[in-house]
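A closer look at the structure
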Amino acid sequence: KQGTVSKTDKKINTRGTLGRLFRFMKPYRIRIILMVVCLVMGAVFTTQGPYTLGRAMDALVAVVVNDAGVLQGFQAFLTVLLQLGCVYLLAFLFNYSGQYIVAGVAERTMHYLRMAGKYVIMGVSYKRRADMPTDTPVIFMNRRGYRKK
């Protein structure tokens, strides 16, 4: 039957798994905070874009040609158009930088997880390499993959 859990199924320890994952990601706290700030600012500017576009459309409709053939209100339209370009450019930059930071943190975290697992599979002791951050957690495991106390 679907939805039933047999006694042989292993219970998933989500809290413990997330705790171990966050310990691996601890060296990247500043980057994660910066990523959250970038993505929030990107969302703010992305939602500001349609509002500014509406203002640009209103300014375009307000442009008129007077009796002398001179455009009136065109300067206001260009100002709003410049603001629109800046809003979309900032939205792009914040979203891109946030995604770039996320990719870097994920890549480095997975690299350290793989390296820790590689040493367990090879049966050699885990040694800190010179290029690893000093605050990366060190895992001590025996050949079977259990933590040594």
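Residues numbered from 1 in each chain as written. Predicted model: local features only at pLDDT ≥ 70, side-chain atom pairs only at ≥ 80, totals over all residues. Heavy atoms only, no water.

Thoughts on the overall build of the protein chain
Looking only at helices and strands, the protein chain has three helices and two strands in total. In the protein chain, the succession of α and β elements from N to C terminus is α-α-β-β-α. Within the protein chain, buried positions represent 21% of all 149 residues. Taking contacts inside the protein chain between residues at least 6 apart in sequence as the whole, the part at least 24 apart equals 56%. Only carbon and sulfur atoms are counted for the fraction: they give 64% of the accessible area of the protein chain, which is about 11700 Å². (Helix = DSSP H or I, 4+ residues; strand = E, 2+ residues; numbered from the N terminus. Buried < 20%, exposed > 50% of the residue type's maximum accessible area, 1.4 Å probe, protein only. Contact = heavy atoms within 4.5 Å. Areas by Shrake-Rupley, 256 points an atom, 1.4 Å probe, with all protein chains shown as cover.)

Structural notes on the side chain of Thr52
You can see Thr52 is positioned in helix α2 (residues 29-61). At 3.0 Å, the side chain of Thr52 forms a polar contact with the backbone oxygen of Gln48. Those residues within four positions of Thr52 in sequence are excluded, and the remaining contacts are Val80, Gln83, Leu84 and Val87. (Polar contact = N/O pair within 3.5 Å; in protein donor to acceptor, adjacent residues only side chain to side chain.)

Quick notes on the packing of aromatic side chains
Applying the stated criterion across every chain, the model contains four aromatic pairs. Here the aromatic rings of Phe45 and Phe94 are separated by 5.8 Å at their centres, their planes lie at 5 degrees, and the arrangement is stacked. Taken together, the residues span a long stretch of sequence, with Phe45 in helix α2 and Phe94 in helix α3 (residues 74-122) at a distance of 49 residues. Ring centres of Phe74 and Phe77 lie 5.9 Å apart, and the angle between their planes is 45 degrees; this geometry places the pair in the tilted category. Remark: Phe77 and Phe74 occur in helix α3; sequence separation between them is three residues, near one turn of the helix. Phe74 gets classed as partly exposed once you look at its relative accessible area, which sits at 34%. Taken together, the ring pairs connect Phe92, Tyr96 and Tyr100 into an aromatic cluster. (Phe/Tyr/Trp six-rings, centres within 6.5 Å; stacked < 30°, edge-to-face > 60°.)

A short note on the nonpolar core
The biggest cluster of nonpolar side chains holds seven residues, and these are Phe24, Met25, Tyr28, Met35, Ile101, Val105 and Tyr112. Contacts of Met25, omitting those with residues within four sequence positions, involve Ile32, Val105 and Thr109. Counting residues in hydrophobic clusters, the runner-up holds five residues, among them Ala56, Ala59, Val63 and Phe77. (Core = buried A, V, L, I, M, F, W, Y, C linked by side-chain atoms within 4.5 Å.)

Regarding the environment of Asp58
Take Asp58: it is sitting in helix α2. Linking Asp58 and Phe77, residues 19 residues apart in sequence, is a C-alpha distance of 8.4 Å.

Let's talk about α2
Its 33 residues give α2 an end-to-end C-alpha distance of 49 Å, which sits within 8% of 48 Å, the value for a rise of 1.5 Å per residue. When the local axis directions of α2 are compared, the greatest deviation, roughly 30 degrees, occurs at Gly49, which is followed within four positions by the proline Pro50. By the burial criterion, the buried members of α2 are Met35, Cys38, Gly42, Phe45, Gly49, Thr52, Ala56 and Ala59. (Expected span 1.5 Å × (residues − 1). Bend = angle between axes of the 7 residues up to and from the residue.)

Structural notes on the side chain of Thr109
Relative to the helices and strands, Thr109 is located in helix α3. Take Thr109: its relative accessible area is 4%, and that puts it in the buried class. Reaching out from Thr109, the side chain makes a polar contact with the backbone oxygen of Val105 at a distance of 2.8 Å. Not counting residues up to four positions away in its chain, the partners in contact with Thr109 are Leu21, Phe24, Met25 and Tyr28.

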